[in-house]
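Read off the chains here:
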Amino acid sequence: MVTLRPRRIRVVCWASAVALVVTFSLLATGLQGPTGNGYGTFQRGDGFAMIGLGLIGAVAILLFTRPRVQADAWGIRVRNIIGSYELPWEVVRGVRFDRGAPWASVELHDDDLLPVVALQAADKDRAVEGVRALRRLHQAHRSTPVGP
């Protein structure tokens, strides 16, 4: 069983999410008094709303930490930012990581390409090793004799 997740994007996303919540919390503490020359004033609820917006933004950023790929002798399971796929090795033609591509992809026998966002070019050697591991599992399945 092989389980792979991106590393660099997870670090960047967690740092960005924390920075966003801290920034919006600091902004919330600064919201006091009149809004300018108008009649409005900042209330306590406005500060809570700013913190809430920071939390919503942080959750949106953390969606980019969701990608994962798992593979075993049966097949491959790909979870991207939005959407998941479970495919047996029989429908997979190959695992590709084209030069200049931001992430790897799984090529299917019907000529579709399924993105594998968990194997990102930013992770360099780690992503290459992940693609090689997926290719070994796929090759092992192809070389296994079919039962009666």
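Scope of this entry: the structure provided in the associated data block.

Scoring rules and cut-offs
- Each chain has its residues counted from 1, following the order in which its sequence is written.
- With the structure being a predicted model, the display of local features is reserved for residues of pLDDT at least 70 and the display and counting of side-chain atom pairs for 80 or more, all residues being used for whole-chain, interface and lining totals.
- Hydrogens are left out, water is left out, and the side-chain values use all remaining heavy atoms of the structure.
- Residue burial is assigned from relative accessible area. The probe radius is 1.4 Å, only protein chains are included, and a residue is buried under 20% of its type maximum, exposed over 50%, and partly exposed in between.
- A run of H or I in DSSP becomes a helix once it reaches four residues, and a run of E becomes a strand once it reaches two; helices and strands are each numbered from the N terminus.
- Two strands qualify as a pair provided that DSSP identifies no fewer than 2 bridges between them.
- Think of each axis as a best-fit line through the C-alpha atoms, taken over the contacting stretch in the case of a helix, with angles from 0 to 180 degrees between the N-to-C directions.

Here Asp111, not a glycine, exhibits a phi torsion of approximately 70 degrees, which is positive. Since its relative accessible area comes to 57%, Asp111 is described here as exposed. Positive phi, normally seen in glycine, also occurs at Lys124, with a value near 50 degrees. Relative to the helices and strands, Lys124 resides in the loop between strand S9 (113-120) and helix H3 (125-143). Under the relative-accessibility criterion, Lys124 is labelled exposed at 54%.

The three strands lie next to each other as S7-S8-S9, forming an open sheet whose pairing is antiparallel. Pairing within the sheet leaves two strands with one partner each, and these edge strands are strand S7 (92-96) and S9. For this sheet the average axis-to-axis angle between neighbouring strands, irrespective of direction, equals 20 degrees. Bridge count for S7 against strand S8 (residues 103-108) is four bridges, and the pairing is antiparallel. Across the sheet, Gly94 pairs through a bridge with Glu107, a residue of S8.

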